[in-house]
Amino acid sequence: SDVCSSDLFDISDAKKYGKRFKVSAAWLLTGEDFKHKLHSVPVYGYCGLGEVIEFIAEAPTSGFDEIDLPFAPSVPNCGAVICRGDSMRPRVNNGEIVIYHRDGQSTSDLVDKEAIIGLDDGRVLLKTIKPGATPATWTLVSHNFDPILEARIEWAGEVIAVIRPGRWQDLS
């Protein structure tokens, strides 16, 4: 015979388990209202792939939107940006979502890695970081664009994943 989940645990347990496993308490108790969500990530704005693109920083702690990923990122505190431009093609294309690590990594730890980079002039770009010619400057390399020389980086976060269009769900 069928056993109702509510016979196995109470509502407070269902809320606790639901939060942990990202499902609703209603689904745990009754099987209704199921929405499977592996992991959601806040979207913080747009990122230029060479072109000057405005980064939306209206909600620096929560983002202006949220997307549901088909996987859980390997590091905590990830963010997402929507890429605009073509300087990183074919690696990253216009309109793709880039997931990046938001925990203030040292720029020197990101040498030879792709990163979302905030520059001192306000631009936010996706580039590969190389050492610059002088201390505290960096060379930012693209696939299809001239390098940016002597860049001054205010913050950078390592790229964790690239999500192709149609492979993510807008939760707003």
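Residues numbered from 1 in each chain as written. Predicted model: local features only at pLDDT ≥ 70, side-chain atom pairs only at ≥ 80, totals over all residues. Heavy atoms only, no water.

### Some points on the pattern of salt bridges
Between side chains of opposite charge, a pair can form when the charged atoms approach closely.
In step 1: Following the criterion strictly, the structure yields 3 salt bridges and no others.
In step 2: For D112, the salt bridge is made with K130, and the minimal N-O distance between the two is 2.6 Å. Of this pair, D112 sits in the loop between strand 4 (97–101) and strand 5 (114–119) while K130 sits in strand 6 (residues 124–131), placing them 18 residues apart in sequence.
In step 3: According to the relative accessible area criterion, K130 is partly exposed, its value standing at 32%.
In step 4: The partner of R123 in a salt bridge is D121, with the nearest N and O atoms 2.8 Å apart. (Salt bridge = Lys/Arg side-chain N within 4 Å of Asp/Glu carboxyl O. Helix = DSSP H or I, 4+ residues; strand = E, 2+ residues; numbered from the N terminus. Buried < 20%, exposed > 50% of the residue type's maximum accessible area, 1.4 Å probe, protein only.)

### Describing the nonpolar core
In step 1: Grouped together as the largest cluster of nonpolar side chains are 13 residues, with contacts concentrated most on V92, V98, I116 and L126.
In step 2: Elements with a minimum of two residues in this core: strand 1 (39–48), strand 3 (78–84), strand 4, strand 6 and strand 9 (153–163).
In step 3: In this structure, A115, I117, W138 and L140 belong to the second largest nonpolar core, which totals 12 residues. (Core = buried A, V, L, I, M, F, W, Y, C linked by side-chain atoms within 4.5 Å.)

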